[in-house]
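Chains, contacts and geometry: an overview
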Amino acid sequence: MSKTQAIRSDILRRAMKLIYRQGFQSKSIDDILATPHVTKGAFYYHFKNKEEMGIRLFLGYMN
């Protein structure tokens, strides 16, 4: 797995945990990225917006 794929998978994994516990609408991009390892720039490199990330989660595109 490349570094790019690993970062995307990490973002999706973190988002899935938060969304599962607290719901999609209640979580912001900042909530999902509240870790020292992923920047907002990295998020927008992989996803156009939160909705696109949610669609990828729903469709199961973890890699």
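This text follows the structure it describes.
This report concerns the structure included in the present document. (Residues numbered from 1 in each chain as written. Predicted model: local features only at pLDDT ≥ 70, side-chain atom pairs only at ≥ 80, totals over all residues. Heavy atoms only, no water.)

1. A few points about the pattern of salt bridges
Here the structure, examined in full by the defined rule, presents 5 salt bridges. Notably, a salt bridge pairs Lys40 with Asp30, separated by 2.9 Å at the nearest N-O pair. Of this pair, Lys40 sits in helix H3 (residues 40–46) while Asp30 sits in helix H2 (residues 29–32), and the two are 10 residues apart along the sequence. A relative accessible area of 42% places Lys40 in the partly exposed class. Among the residues examined, Asp30 registers a relative accessible area of 47% and is labelled partly exposed. Taken together, the shared-partner salt bridges in this structure form one network comprising Asp10, Arg13 and Arg14. (Salt bridge = Lys/Arg side-chain N within 4 Å of Asp/Glu carboxyl O. Helix = DSSP H or I, 4+ residues; strand = E, 2+ residues; numbered from the N terminus. Buried < 20%, exposed > 50% of the residue type's maximum accessible area, 1.4 Å probe, protein only.)

2. Topic: the nonpolar core
Grouped together as the largest cluster of nonpolar side chains are 14 residues, with contacts concentrated most on Ile11, Ile32, Phe43 and Met53. Where this core is concerned, the elements lending two or more residues are helix H1 (3–22), H2, H3 and helix H4 (50–59). Looking at this core, the element that brings in the most residues is H1, giving 5 residues. Once you skip the residues sitting within four places of it in the chain, Met53 turns out to touch Ile11, Leu12, Ala15, Ile19, Phe24, Ile32, Phe43 and Phe47. (Core = buried A, V, L, I, M, F, W, Y, C linked by side-chain atoms within 4.5 Å. Contact = heavy atoms within 4.5 Å.)

3. Considerations on the environment of Asp31
Mapped onto the fold, Asp31 is located in helix H2. Each C-alpha atom of the pair Asp31 and Met16 lies 12 Å from the other, and the pair is 15 residues apart in sequence. Dropping the residues within four chain positions of it, Asp31 is found in contact with Leu18 and Ser26.

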